[in-house]
Amino acid sequence: MNIWEILGIPPTEDIGKIKSAYAGQAKLYHPEEHPEEFKTLQSAYKIAVKLAKSKREGVPLTYLPSGQPTETNGQPVETSGQPMHGQSMETPGDMPESEKDSALAEMEADISQREPESRKETEESVFDFSGVDAYGDREHFLRQFSLLAKNPYLRNRVEVWDYFLHQNAFAYLFSNDGFRQELVRTICSLSGWRRKTVLYLERFLSAFHTQENRPKDGQWETDCRAFRLKKLPKLWLPAFCTDRFIRKDGRNFHRHLRRRVCQMAGREIDLDVQLDLVRYIKLYLPYAEANEAYIDQLYRGWRFEQSMVFAGIVAVCFFAVVAEISFLQSGREAEVQMDYLMRLYGPEAESLSGEEKKTLRRDYNDYWRYAEEAIDDVLERYENWEEK
Amino acid sequence: MAVIGIDLGTTNSLAGVWRNGRIELIPNTFGEYLTPSVVSFGEDGEILVGKVAKERLITAPAVSFAEFKRNMGTSYQYFGNGKYYTAEDLSSFVLRRLREDAEAYLGEPVTEAVISVPAYFNDDKRCATKNAGKLAGLTVERLINEPSAVALKHHMGVEDAETFIIFDFGGGTLDVSLVDAFDNMVEIQAVSGDNNLGGKDFNELIAEDFYRENHLDKAMVTGEEQGIILKEAEALKWELSRQDEAERTVYIRNQEYRMRMTNQHLIHIGKELFKRMSMPIRRVINDSGMSMEEIDKLILVGGSSKMPVVSQYLKTLLDIPVVLDGSPDESIAAGVGIAAAIKERAGDVKDMILADICPFSLGTEIYDGSFSPIIERNDTLPCSRTREYVTVEDYQSEMTFPIYQGDNMVARENLLLGTMSVTELPLEPKGKVSARVTFMYDINGILDIRIVSGEQALHRVIMNKKMGLSEAELEARLEELRKMTLSSVEDENVRYLLERANRLYQECTPSVREYLAAQISRFRQILSCEVNARARREACVQLAVYLEAVERNKFDFDGFDESFFRDDREDEDEDV
């Protein structure tokens, strides 16, 4: 029997009709008395509903409206959620700068459009819930953000942040000041940013500064120390450590991920291509969330390596300078010693062989400075004595 | 022979029955519908249940027990009256009292009941509930999920089709379910919740804030005082439902402390709690595959949902109307009553159908220790699913199927219901030998398992995992408990007043204690004399009013005014 015979109606896409037919049939086959028939009826109903839903146009997303009130001088203004059908994130090819700007501008327009639409019962909501992290979204977002930032192959690619920060599900978070500050704090706590990435992030965040949103003491959150440092123009430091997972297992991990994405795509992938990059991110995130400790280990390992290399170079420079100074010192000392030798032994000092000079120097090296005064004294007396 | 429906809650329990074409809640001896789920042992070893026992939580905390619903199905034991009791035993006392009240109300013996459990209760806890019913002398064939009961009650008499979320925020648990109701069908789409989130968390929050504000160290406060502080915190919480700011005075060791709270501050310190409240909602919407447009409203049920911060938060979070249930404490009992009637196929409701779902996944463990679900969570009941498993090693001779209930990826972290093995498999290279495992789970919570492999066929029915507690043991325990009598109901009112006075004596300031002691002794005096029923009632009422005033901290004493309590009839006699 096919499902329509079981339900007792002609095939239809009207869910209401399907439901009434199901309810009607269920009266005849009540589960208490006819469990088997009810089971068949129930499966038929489910399949019919699924068919009807799939034929509806558009993809119904389980989009949850944020309803998060934004902080505007303490007065809660709710953003009512509008169900947005997901934009296709897989835009082929790399987006040129101008398009990126326009995408950002579109985003801004979207946000400003959403804000003033408040609900009918605004007067009833007297409490400010902006501090509450509903659904754990903030925590989730920050976690994913830091995991992406810990991956050196993704960290400084602007396209990655372009995709990640513009996801629909997290769009509402950025209008909250407290959250943006938290985000900036997270960014400052991670290292490895390149200047262009920092500039991009700053521009993204400053898009959420509105007229009412006057910064405290004239400071935006993007004026934090780390941002300022990175934005210093033309400060080119040679890269001591290539931006990648240094340890062998880190490199293997990346290679493994790439291989999986290649398998999924069915071809060789290139991380400069937007589509492949998005695939890589989508594969990376769940794995990273499940193995946070491992990613953290790799990141710390890279940081350690970098600081070690940096320290090594600094040490080398330091020792070079020290060696230079000591060399110079010893040169000058040699002259001074020669001078004194001359005065002591007279012109014979020159005729002393290198060996003897060296021996003399070695002998007197330790006591030279302390003996200087004494020698001066002796010489004085000697000269005086000579004069006399 | 009516089937009653019982809501066995963490803080309060109720019973309801379908009679005369509608649902009727069964009042207890005080005439109230709510019976606190508290059990206390009296001096003579008698068992006190309900309001009387609740008072003794403060005065005799060592032998009084509350909130034992959480420990159902665990081996946690309560020590009282020289013996150990499990949460099942304590619940059975409460159920027994409810049964006696029902029998008194209906005028006929009651032997069968349908009891409600949180949707998230696993098999252990469900079995424990059934056992508790059995120990109370009730046959419990079916358990109903609490949110499903609420859904039934709400759809009762409603003609239109609607899809709604039920947010059951009780004393200790949160249950969220998505319900699709149309015509005579009430279909549960998805269920989620938090077993450890409830009104009590807000009480603890207020208490923590109190300790912080008054710079008190929790370790320096005795258990009894902690109990008093929690109780004051709860009272403060209820005051916050009526006004935005509230304050109470707490007396610890003859020193006065202030407990203050506003709703906004409560939100600030309770950020974590609100976040935890939102998670099950998202899970439920995602699991059901519905979009927000399809959901019509959210119904708030449960004692703690009366808090304005909770309803405001949900209003802010979701874009749908939030409806506070008319009688949040009683909805579940009403729903369970309807469910009992449906089971009975009582006249009016015989067409209603509740299509509930399996709140947990049921499955087995595969070679690498991970969980392989056979029946997925949120599958409609009754359901039956089959999966095929193959051998992983060459010449493998045995396949063991441990049966787990839960959703954890690691099989061992879930609840083990039992184990079945297929032995003497034909020795063949790996992958060639397979076994088909069929799970059937029905609305009575009975799991039917069939395994077919080649020639062999195994069959097992798991309905009461704790069948390990054999029938004989169960009967023995039943006998033991039957010997213990519940306190008689005649003087319950008097007993209650005395216990309450006792508790207030402990809690209030020394200045009020004097007067309270005088009142109590006067009351006792009246009762010990041979006075008629009317005088007794009057004395009870007087004492009750007095106690109420003391409780609300509103009693303002200038001096002990004898004339205030003078018996009016004395004056009349004088006139004559």
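How each quantity is defined
- Along each chain, the written sequence defines residue order, and numbers are assigned to residues from 1.
- The lettering of chains begins at A and the numbering of ligands begins at 1, in the order of writing.
- Owing to the predicted nature of the model, reporting of local features is limited to residues with pLDDT of at least 70; listing and counting of side-chain atom pairs is limited to 80 or more, with chain, interface and lining totals taken over all residues.
- As a rule here, side-chain values cover all heavy atoms of the structure and leave hydrogens and water aside.
- Helix and strand assignments follow DSSP, with helices taken as H or I runs no shorter than four residues and strands as E runs no shorter than two, numbered in order from the N terminus.
- A 1.4 Å probe rolled over the protein chains alone gives each residue an accessible area, and that area as a share of the maximum for its type sets the label: buried under 20%, exposed over 50%, partly exposed in between.
- Residue contacts follow a heavy-atom distance rule, with two residues in contact if any of their heavy atoms lie within 4.5 Å.
- Here the Shrake-Rupley method, with its probe set to 1.4 Å, supplies the accessible areas, and only the displayed protein chains count as covering residues.
- Exposure above 30% relative accessible area and the lack of any salt bridge qualify a residue for a patch; like charges then connect within 9 Å, and the nonpolar side chains Val, Leu, Ile, Met, Phe, Trp and Tyr within 5 Å.
- A carboxyl oxygen of Asp or Glu within 4 Å of a side-chain nitrogen of Lys or Arg is what we treat as a salt bridge.
- When charges are counted, Lys and Arg contribute as positive and Asp and Glu as negative, whereas His and the chain ends are disregarded.
- Lysine's charge is taken at NZ, arginine's at CZ, aspartate's at CG and glutamate's at CD.
- In this scheme, strands are said to pair when DSSP sees at least two bridges between them.
- Helix axes use the C-alpha atoms of the stretch in contact, all axes being lines fitted to C-alpha atoms, and the angles between their N-to-C directions lie in the range 0 to 180 degrees.
- Each residue gets a pLDDT score, which is the predictor's confidence in that residue and runs from 0 to 100.
- Amino acids are sorted into nonpolar (Ala, Val, Leu, Ile, Met, Phe, Trp, Tyr, Cys and Pro), charged (Asp, Glu, Lys and Arg) and polar (every other residue, Gly among them).
- For the purposes of these results, a polar contact is taken to be a pair of N or O atoms within 3.5 Å, where, inside protein, one atom must be able to donate a hydrogen and its partner to accept one; residues adjacent in sequence count only when each atom of the pair is a side-chain atom.
- Note on ring pairs: Phe, Tyr and Trp rings are taken, using the six-membered ring of Trp, and paired if centres are within 6.5 Å. Classes follow the plane angle, with under 30 degrees stacked, over 60 edge-to-face and the rest tilted.
- Remark: a charge is flagged as sitting over a ring if the NZ atom of Lys or the CZ atom of Arg is within 6 Å of the ring centre and within 35 degrees of the ring normal.
- When an angle is under 35 degrees it counts as roughly parallel; over 145 it counts as roughly antiparallel; between 65 and 115 it counts as roughly perpendicular; any other value is oblique.
- Left-handed describes a crossing whose near helix is turned anticlockwise from the far helix through less than a right angle; right-handed describes the clockwise counterpart.
- How far a helix is expected to stretch is found by multiplying one less than its residue total by 1.5 Å.

Asker: Outline the overall build of chain A, listing residues and values.
Answerer: Secondary structure summary: chain A contains 16 helices and 2 strands in total. Burial analysis of chain A (388 residues in total) assigns 39% to the buried set. Contacts in chain A between residues far apart in sequence, at least 24 positions, make up 69% of those at least 6 positions apart. Accessible surface for chain A amounts to roughly 23000 Å². Of this, 54% is attributable to carbon and sulfur atoms.

Asker: Tell me about a negative patch on the surface, residues and numbers included.
Answerer: Negative charge collects at one region of the surface, where Glu373(A), Asp376(A), Glu380(A) and Glu383(A) lie side by side. As for its placement among the helices and strands, Asp376(A) is situated in helix α16 (residues 368–387).

Asker: So, the sheet that holds strand β5 (residues 38–41) of chain B: which residues are in play, and what are the values?
Answerer: All names here are of chain B. Strand order in this open sheet of 3 strands is β6-β5-β7, and the pairing throughout is antiparallel. Among the strands making up the open sheet, the edge pair consists of β6 (47–49) and β7 (64–66). Within the sheet, the average angular offset between the axes of one strand and its neighbour, ignoring direction, is 20°.

Asker: Describe in detail the confidence of the model for chain A, supporting the description with residues and values.
Answerer: Summary statistics for chain A give a mean pLDDT of 73 and a share of 71% for residues scoring 70 or more. Scored below 50 in pLDDT, residues 58–123 of chain A makes 114 contacts in the model with residues more than four places away or belonging to other chains.

Asker: For the pairing of strand β15 (residues 245–252) of chain B, give the residues involved together with the corresponding values.
Answerer: Residues and elements named next belong to chain B. Burial along β15 is one-sided: Ala246, Arg248, Val250 and Ile252 are buried, while Glu245, Glu247, Thr249 and Tyr251, pointing the other way, are not. The sheet contact formed by β15 and strand β16 (residues 255–262) spans 8 bridges and is antiparallel. Across the sheet, threonine 249 pairs through a bridge with arginine 258, a residue of β16.

Asker: Which residues make up the sheet that holds strand β28 (residues 447–453) of chain B, and what are the values?
Answerer: Residue and element names in this part refer to chain B. Read from one edge to the other, the open sheet built from 4 strands follows the order β24-β27-β28-β29, with strand pairing classed as antiparallel. The two strands at the open ends of the sheet, each matched to only one other strand, are β24 (383–390) and β29 (456–462). Pairs of neighbouring strands in the sheet enclose a mean axial angle of 15°, with direction left out of account. As judged from the 7 bridges shared by β28 and β29, these two strands associate in the antiparallel manner. Paired with aspartate 448 across the bridge in β29 is valine 461.

Asker: Please set out the pairing of strand β2 (residues 12–19) of chain B residue by residue, giving values where relevant.
Answerer: All names here are of chain B. Across the 8 residues that make up β2, a large majority, 6, are buried. Across 4 bridges, the pairing between strand β1 (residues 3–8) and β2 is antiparallel. Within β2, the residue paired with isoleucine 6 across the bridge is alanine 15. Counting the residues between successive antiparallel strands, the hairpin from β1 to β2 contains 3 residues. Bridging between β2 and strand β4 (residues 35–36) involves 2 bridges; their strand directions are antiparallel. Counted as the bridge partner of asparagine 12 is proline 36 from β4.

Asker: Could you give an account of the interface of chain B and chain A, with specific residues and numbers?
Answerer: Tallying the contact residues gives 47 residues for chain B and 46 residues for chain A. At the junction of chain B with chain A, the criterion picks out 4 salt bridges. In this structure, Glu294(B) engages Lys53(A) in a salt bridge whose closest nitrogen and oxygen atoms are separated by 3.9 Å. Secondary-structure elements contributing two or more residues to the side of chain B that touches chain A are β13 (174–182), β14 (185–194), α7 (263–269), α8 (271–288), α9 (308–317), α10 (331–344) and β19 (353–355) of chain B. Sort the elements by how many residues they give to the side of chain B that touches chain A and α8(B) lands first, with 8 residues. For the side of chain B that touches chain A, a count of residues per class yields 20 nonpolar, 11 polar and 16 charged.

Asker: A description of the environment of Asn28(B) should follow, citing residues and the corresponding values.
Answerer: All names here are of chain B. Along the polypeptide, asparagine 28 turns up in the loop between β3 (22–25) and β4. In this structure the C-alpha to C-alpha distance between asparagine 28 and glycine 418, which are 390 residues apart in sequence, comes to 41 Å. Discounting residues that sit within four places of it in the chain, asparagine 28 has contacts with Leu34, Thr35 and Asp101. A distance of 3.0 Å separates a polar atom in the side chain of asparagine 28 from the backbone nitrogen of phenylalanine 30. A polar contact is formed between the side chain of asparagine 28 and the side chain of threonine 35, at a distance of 3.2 Å.

Asker: Go over the pattern of salt bridges, please, and point to the residues and values.
Answerer: Residues and elements named next belong to chain B. Within the structure shown, the criterion is met by 48 salt bridges over all chains. A salt bridge links glutamate 499 to arginine 56; the shortest N-O distance between them is 3.0 Å. One end of the pair, glutamate 499, is in helix α12 (residues 492–507); the other, arginine 56, is in helix α1 (residues 51–59), with 443 residues separating them in the sequence. A salt bridge links aspartate 325 to lysine 153, with the nearest nitrogen and oxygen atoms 4.0 Å apart.

Asker: Lay out the environment of Thr438(B) with the relevant residues and their values.
Answerer: All names here are of chain B. Position of threonine 438 among the secondary structure elements: in strand β27 (residues 434–441). With residues near it in sequence (within four places) discarded, threonine 438 still touches Ser384, Arg385, Thr386, Asp448, Ile449 and Arg450. Among the polar contacts made by the side chain of threonine 438, one reaches the side chain of threonine 386 at a distance of 3.5 Å.

Asker: Could you give an account of the packing of aromatic side chains, with specific residues and numbers?
Answerer: Under the defined criterion, the tally for this structure stands at 43 aromatic pairs over all chains. A cation sits over an aromatic face here: Lys51(B) above Phe30(B), 4.5 Å from the ring centre.

Asker: Tell me about unusual backbone geometry, and please be specific about residues and values.
Answerer: All names here are of chain B. For the peptide bond that leads from leucine 381 to proline 382, omega is -5°, which places it in the cis range. If you trace the backbone, proline 382 turns up in the loop between β23 (379–380) and β24. Not every positive phi belongs to a glycine, and glutamate 67 is a case in point at roughly 55°. Locating glutamate 67 in the fold gives a position in the loop between β7 and β8 (77–80). Positive phi, close to 50°, is recorded for aspartate 183, a residue that is not glycine. Position of aspartate 183 relative to the elements: it lies in the loop between β13 and β14. Among the residues examined, aspartate 183 registers a relative accessible area of 40% and is labelled partly exposed.

Asker: Account for the packing of helix α5 (residues 199–213) of chain B against α8(B), naming residues and giving values.
Answerer: Residues and elements named next belong to chain B. Two elements in contact, α5 and α8, have axes separated by 11 Å at closest approach and are oriented at 165°. Between α5 and α8, the crossing angle belongs to the class labelled roughly antiparallel. Along this stretch, α5 crosses α8, giving a crossing that reads as right-handed. For the pair formed by α5 and α8, the contact residues are Asp201, Phe202 and Leu205 on the first element and Leu273, Phe274 and Met277 on the second. Residues that form the contact of α5 with α8 fall into these classes: 5 nonpolar, no polar and 1 charged.

Asker: Tell me what's going on with the confidence of the model for chain B, and back it up with residues and numbers.
Answerer: All names here are of chain B. In the predicted model, chain B carries a mean pLDDT of 84, and the fraction of residues at 70 or more is 93%. A low-confidence stretch, residues 556–576 stays under pLDDT 50, and its non-local contacts, those more than four residues away or across chains, total 10 contacts. In the predicted complex, the global pTM is 0.71; the interface-specific ipTM is 0.72.

Asker: Describe the side chain of Glu232(B), with residues and values.
Answerer: Structurally, Glu232(B) can be placed in helix α6 (residues 223–242). Those residues within four positions of Glu232(B) in sequence are excluded, and the remaining contacts are Arg248(B), Thr249(B), Val250(B) and Met259(B).

Asker: Quick one: what's the story with α6(B), residue by residue and with numbers?
Answerer: For α6(B), with 20 residues, the first-to-last C-alpha span of 30 Å sits near the 28 Å given by 1.5 Å per residue. What α6(B) keeps buried is the set Glu225(B), Ile228(B), Ile229(B), Glu232(B), Ala233(B), Leu236(B), Lys237(B), Glu239(B) and Leu240(B).

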